[in-house]
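The residues making up each chain are set out below.
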Amino acid sequence: MNRKMLMNLAMSGFVLSVATGCSGMGAMAEAPSRAAGKPALAVKSATQARAALEAGKVSKAVGLAEAAVAGSPRDASYRALLGQAYLNDGRFASATAALTEAMELGATDSNTIIALTLAHIAQGKGAEAITLLQAHRDTVPASDIGLALALAGDSEGAIYVLTDAARAPDASARTRQNLALAFALSGRWAQAQILASQDLSPAKLEARMAEWSKLAETPNAQLRVASLIGTKAQSDTGMPVRLALSNFADTQMAAAEAPVELASADPAPVAAYAPPPPVLADASSAIRSVELPMPERTADGVVPVTELPQPKPASEVIMADAAPYRAAPRVAGEGRIRPAQQQALELATVLIPKAIAFNAQKPSGWAVQLGAYDSLGIAKEKWGGLKKRNGVLANFPASSHAATVNGRTFYRLTVNGLATRADANNLCRELKAKGQTCFVRAMGGSESIQWAAKSSPMRLASR
């Protein structure tokens, strides 16, 4: 956080143990990023962003921090820096997104947690803020946890935590001032004034109490947090989609350091199969033909019922001698399903039904990426060629969506609609066995499908 923000916090009594300019995640910057980017540009942009925050140039800091994240998308320190820049700029929804992703990448320092807590409180998410503080109570100082709890609406919990911290022999003035503010926010003004007077002169005490009174009378959580950090709340639609962490998975086709190795698995053994013996015809079911003489009719052409002739008994049916059925001698290994047959059965009975259910309007599940190309037309053309060379692909729906990497737009060609990662791995393994490069990716639902091709049902040869 910048110096202006710290000064405003100190004037209001909200004194957090935050670092100036960054989130204290410098060590995280050394972690290798497996996503495509420009690390050198990211370092330069991050340094300039911190300097801009120091100088109070928040809007400039936001742009530079966004450039740092674009240059190194999977660096936790840069996303934490971007989140704090958004927070200073009054963009609380964007700050929540950036700080949450920073924590997903490993940024669990107290500064990042407190900044995310303030962003939650500003959006009226007091329960989420309290849950976050409780989950990291061993990381965040007790004086900061207590005051953040008070801002989140848990006054009693805040006073309990801060009272215990203020009784410690090494308790600082900051801890006592935070406890005094917690008393003020809970309506206990007499206790707040007595406690605050221990560290302030009468003139400063009067100004401090006026600031706290103004803060307590602000019902809007967004305005309250904005006034605390010395900024104005802005209309915020969220962090730019191009910077979302979901766009930069661990594995990238466009700039992969090494091909993804998938664990091989032999198909599970199946019981030996032998065709059942043919069913012999039963002699009792033999069809017999009987010749019936034409009946005699009266002058009117009517056949008297009583004069209907009875059929003659059939002669004895003589069945030819038949030797009992003997199965042909079995050859070793005959009747056992081979690995290739097992994979074909799995594709027909497991993968295909799930692939047919793919919804291009709301992509979900798992996909197998076959390539990334410079234009949508090339992606369509490649799909036609790949489908002809590999008949398995015709049984799956395909799609293409744009992705920007290092400022360059690629069109990813994927086979979609796979319900589980195991299904996708099986298909990719089958394709690799035939020489096709591929890897597995998850469809998050945010992809804008620009082209899709339906699957063709698999036809199995009769046996």
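From a predicted model like this one, the values you see are computed outputs, not experimental measurements.

What to know about the overall build of the chain
For step 1, the next point in the chain: Regarding its fold elements, the chain presents 16 helices and five strands.
For step 2, the next point in the chain: Looking at the chain residue by residue over its 463 residues, the buried ones come to 40%.
For step 3, the next point in the chain: Across the chain, every contact between residues at least 6 apart in sequence was considered, and the portion connecting residues at least 24 apart equals 69%.

Quick word on the environment of G124
For step 1, the next point in the chain: Position of G124 relative to the elements: it lies in the loop between α6 (110-122) and α7 (126-135).
For step 2, the next point in the chain: Residues G124 and A152, spaced 28 residues apart in sequence, show a C-alpha to C-alpha distance of 8.3 Å.

Looking at helix α10 (residues 173-185)
For step 1, the next point in the chain: The terminal C-alpha atoms of α10, which comprises 13 residues, lie 18 Å apart, in line with the 18 Å expected from a rise of 1.5 Å per residue.
For step 2, the next point in the chain: Most of α10 sits inside the fold, with ten of its 13 residues counted as buried.
For step 3, the next point in the chain: Turning to α10, its buried residues are T175, Q177, N178, L179, A180, L181, A182, F183, A184 and L185.
For step 4, the next point in the chain: Looking one or two residues beyond α10, the residue adopting positive phi is G187, at roughly 90°.

Description of the state of the cysteines
For step 1, the next point in the chain: Evaluated as defined, the whole model comprises one disulfide.
For step 2, the next point in the chain: C428 shares a disulfide with C438; S-S distance 2.1 Å. Every disulfide takes its handedness from the sign of the S-S torsion; for C428 and C438 that torsion is 110°, giving right-handed. Here C428 is found in helix α16 (residues 421-433), whereas its partner C438 is found in the loop between α16 and β4 (439-442), with ten residues between them in sequence.
For step 3, the next point in the chain: A relative accessible area of 0% means that C428 is categorised as buried.

Section: the sheet that holds strand β5 (residues 451-453)
For step 1, the next point in the chain: With respect to topology, five strands assemble into an open sheet ordered β4-β1-β3-β2-β5, the strand pairing being antiparallel. The open sheet has two edge strands, β4 and β5, and neither has a second partner. The sheet shows a mean angle of 40° between the axes of neighbouring strands, taken without regard to direction.
For step 2, the next point in the chain: Along the sheet face, helix α15 (residues 376-389) touches β1 (366-373), β2 (398-405), β3 (408-418) and β5 and points at about 40° away from the line of β3.

Description of the environment of N359
For step 1, the next point in the chain: Here N359 is to be found in the loop between α14 (339-356) and β1.
For step 2, the next point in the chain: When the C-alpha positions of N359 and G417 are compared, they lie 7.6 Å apart, and in sequence the two are 58 residues distant.

Brief notes about the packing of α6 against helix α8 (residues 142-151)
For step 1, the next point in the chain: Where α6 contacts α8, the two axes come as close as 10 Å, and the packing angle between them is 10°. One finds that α6 runs roughly parallel with respect to α8. Mapping the contact onto sequence places I114, T117, L118 and I121 in α6 and D144, A148 and L151 in α8.
For step 2, the next point in the chain: Looking at the contact of α6 with α8 residue by residue, the classes come out as five nonpolar, one polar and one charged.

Things to note about the environment of A180
For step 1, the next point in the chain: Take A180: it is sitting in helix α10.
For step 2, the next point in the chain: Along the chain, A180 and I194 lie 14 residues apart, while their C-alpha atoms are 8.2 Å from each other.
For step 3, the next point in the chain: Excluding residues within four positions of it along the chain, A180 makes contact with A192, L195, A196 and W212.

Comments concerning the side chain of D75
For step 1, the next point in the chain: For D75, the location among the structural elements is in the loop between α3 (58-71) and α4 (76-88).
For step 2, the next point in the chain: R50 is the oppositely charged side chain nearest to the buried, salt-bridge-free D75, at an N-O distance of 7.0 Å.
For step 3, the next point in the chain: Among the polar contacts made by the side chain of D75, one reaches the side chain of S77 at a distance of 2.5 Å.

Topic: the pattern of salt bridges
For step 1, the next point in the chain: Under the definition given, this model contains seven salt bridges.
For step 2, the next point in the chain: In this structure, E430 and K434 form a salt bridge, with 3.7 Å as the shortest nitrogen-oxygen distance.

What about helix α12 (residues 202-216)?
For step 1, the next point in the chain: With 15 residues, α12 extends 21 Å from end C-alpha to end C-alpha; this agrees with the ideal 21 Å at 1.5 Å per step.
For step 2, the next point in the chain: Within the span of α12, buried status applies to L205, R208, M209, W212 and L215. When α12 is viewed along its axis, its buried side chains cluster within an angular range of 120° and face the same direction. For α12, exposure combined with an orientation more than 90 degrees from the buried face picks out A203, E206 and K214.

Quick word on the nonpolar core
For step 1, the next point in the chain: Core analysis: the largest hydrophobic core is formed by 66 residues, its most contacted members being L82, Y86, L87, F92, L118, L181 and W212.
For step 2, the next point in the chain: The element contributing the most residues to this core is α6, with eight residues.
For step 3, the next point in the chain: Counting residues in hydrophobic clusters, the runner-up holds 22 residues, among them A379, W383, A398 and Y411.

What counts, and where the lines are drawn
- Residues numbered from 1 in each chain as written.
- Predicted model: local features only at pLDDT ≥ 70, side-chain atom pairs only at ≥ 80, totals over all residues.
- Heavy atoms only, no water.
- Helix = DSSP H or I, 4+ residues; strand = E, 2+ residues; numbered from the N terminus.
- Buried < 20%, exposed > 50% of the residue type's maximum accessible area, 1.4 Å probe, protein only.
- Contact = heavy atoms within 4.5 Å.
- Expected span 1.5 Å × (residues − 1).
- Disulfide = S-S within 2.5 Å.
- Pairing = 2+ DSSP bridges.
- Axes fitted to C-alpha atoms, helices over the stretch in contact; angles between N-to-C directions.
- Parallel < 35°, antiparallel > 145°, perpendicular 65-115°, else oblique.
- Nonpolar A, V, L, I, M, F, W, Y, C, P; charged D, E, K, R; others polar.
- Lys, Arg positive; Asp, Glu negative; His and termini not counted.
- Salt bridge = Lys/Arg side-chain N within 4 Å of Asp/Glu carboxyl O.
- Polar contact = N/O pair within 3.5 Å; in protein donor to acceptor, adjacent residues only side chain to side chain.
- Arc of directions from axis to C-beta.
- Core = buried A, V, L, I, M, F, W, Y, C linked by side-chain atoms within 4.5 Å.

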